[in-house]
Amino acid sequence: MNGDPRDFAAHEAALLDERRLDDWLALFAEDGHYWVPLLGAAQTDPFSYNSLAYEDRLLLQLRVDRLKNPRAHSQHPASHSQHVLQPSRIEHESAGEVRLRTPFIYIEARGESQVLLAGTARHHLVRTTTGWAIREKRIDLLDAGRALPAVQLFI
């Protein structure tokens, strides 16, 4: 995606909500990571404490493949998501890189149940020849550390 990086988070969320998982995965740089710290914003790195998720491109690809598989037990019935975003704000910008902060509400529905989560998405984007790519997507959940229901899709 080219253009203003502040539009990136909305574009990414739309891909997830439309279950265009391959297109979403293509947004990640080869060295990209998806990180959901167990302690939320208080956690400074993914290595000194557990995380709810810390996945590189390979692990993300495996999750996408599992979600697309018609035999995936966790997807009968299929999960659907809706991201409600506040406008993204640039926290830092340098040559070819930008860091965004986007507060959100995330709803995931499956069958009769819904999961509601709130937090802040932090994107570290790098400019490539084709547009912006995710070097790291970090999700700081508002109630990090509490017992959470199983989330099937990507926040």
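Only a predicted model underlies this, so the values are computations on that prediction, with no experimental measurement involved.

Reading the values: rules and limits
Residues numbered from 1 in each chain as written. Predicted model: local features only at pLDDT ≥ 70, side-chain atom pairs only at ≥ 80, totals over all residues. Heavy atoms only, no water. 1 Å grid on protein atoms, 1.4 Å probe; cavity = no way out; pocket = protein on both sides within 12 Å on 5 of 7 lines; lining within 4 Å. Points joined across faces, edges and corners; volume = space filled by probe spheres on them. Helix = DSSP H or I, 4+ residues; strand = E, 2+ residues; numbered from the N terminus. Nonpolar A, V, L, I, M, F, W, Y, C, P; charged D, E, K, R; others polar. Core = buried A, V, L, I, M, F, W, Y, C linked by side-chain atoms within 4.5 Å. Buried < 20%, exposed > 50% of the residue type's maximum accessible area, 1.4 Å probe, protein only. Contact = heavy atoms within 4.5 Å. Phe/Tyr/Trp six-rings, centres within 6.5 Å; stacked < 30°, edge-to-face > 60°. Arc of directions from axis to C-beta. Expected span 1.5 Å × (residues − 1). Polar contact = N/O pair within 3.5 Å; in protein donor to acceptor, adjacent residues only side chain to side chain.

Engineer: Looking at this model, I keep getting lost on the layout of surface pockets. Mind explaining?
Structural biologist: Think of a ball as big as a water molecule: rolled over the atoms, this probe shows where empty space is left. Each pocket or cavity is described by its volume, and for the largest pocket that value is around 180 Å³. In terms of lining, the largest pocket is formed by 13 residues, of which the most central are Val36, Leu52, Ala53, Val151 and Ile155. Those elements that provide at least two residues to the lining of the largest pocket are β1 (28-37) and β2 (51-56). Top contributing element to the lining of the largest pocket by residue count: β2, with three residues. Taken together, the residues of the lining of the largest pocket sort by class into 11 nonpolar, no polar and two charged.

Engineer: Is there a simple way to explain the nonpolar core in this structure?
Structural biologist: Nonpolar side chains tend to gather and get buried jointly when the protein is soluble and globular. Formed by 29 residues in total, the largest nonpolar core has its most connected members in Trp24, Tyr34, Ile139, Phe154 and Ile155. Each residue touching isoleucine 155, except ones within four places of it in the same chain, is listed here: Leu16, Tyr34, His83, Phe104, Tyr106, Leu117, Lys137, Ile139 and Leu141.

Engineer: Mind showing me how you'd approach the packing of aromatic side chains here?
Structural biologist: How two aromatic rings sit relative to each other is set out by the distance from centre to centre and by the angle between their planes. Evaluated as defined, the whole model comprises six aromatic pairs. Pairing tryptophan 35 with tyrosine 54 gives two aromatic rings, centres 6.2 Å apart and planes at 85 degrees, and the pair type is edge-to-face. In this pair, tryptophan 35 is assigned in strand β1 and tyrosine 54 in strand β2, connecting sequence segments 19 residues apart. One aromatic cluster in this structure is built from Trp24, Phe28, Tyr34 and Phe154.

Engineer: I keep staring at empty space enclosed by the protein and nothing clicks. Help me out?
Structural biologist: This structure, assessed with the given rule, holds one cavity of 30 Å³ or more. Where the lining of the largest cavity is concerned, the elements lending two or more residues are α1 (8-17), β3 (79-85), β5 (97-110), β6 (113-128) and β7 (131-141). The greatest single-element share of the lining of the largest cavity, amounting to four residues, is contributed by α1. Grouping the amino acids of the lining of the largest cavity by side-chain chemistry returns eight nonpolar, three polar and two charged.

Engineer: Where do I start with the environment of asparagine 69 in this structure?
Structural biologist: For asparagine 69, the location among the structural elements is in the loop between α3 (57-68) and β3. Residue classification places asparagine 69 among the partly exposed residues on the basis of a relative accessible area of 33%. A sequence separation of 56 residues divides asparagine 69 from alanine 13, and the C-alpha atoms of the two residues are 21 Å apart.

Engineer: Whenever I open this one, α1 confuses me. Can you help?
Structural biologist: Owing to its 3.6 residues per turn, the α-helix brings residues three or four apart onto one side. Along α1, the residues classified as buried are Phe8, Ala9, Glu12, Ala13, Leu15 and Leu16. Seen from one end, α1 has its buried residues packed into an arc of 155 degrees, which puts them on one side. In the stretch just after α1, arginine 19 is the one whose phi turns positive, near 55 degrees.

Engineer: Looking at this structure, how should I read unusual backbone geometry?
Structural biologist: Trans peptide bonds make up most of the peptide bonds, and negative phi angles are found at most residues other than glycine. A cis amide bond links histidine 76 with the next residue in sequence, proline 77, at an omega value of 0 degrees. For arginine 19, which is not a glycine, the phi torsion comes out positive at approximately 55 degrees.

Engineer: Quick question: what am I supposed to make of α3 here?
Structural biologist: For α3, which comprises 12 residues, the first-to-last C-alpha distance of 16 Å matches the rise-based estimate of 16 Å (1.5 Å per residue) to within 8%. Among the residues of α3, Arg57, Leu60, Arg63, Val64 and Leu67 are the ones counted as buried. Along the long axis of α3, the arc covered by the buried residues comes to 125 degrees, so they all point the same way. Buried positions along α3 lie against α2 (21-25), β1 and β2. If you check the start of α3, you find a side-chain oxygen 3.2 Å away from the backbone N of leucine 58, and it comes from aspartate 56.

Remember that the coordinates give geometry; whether it matters functionally is a separate question.
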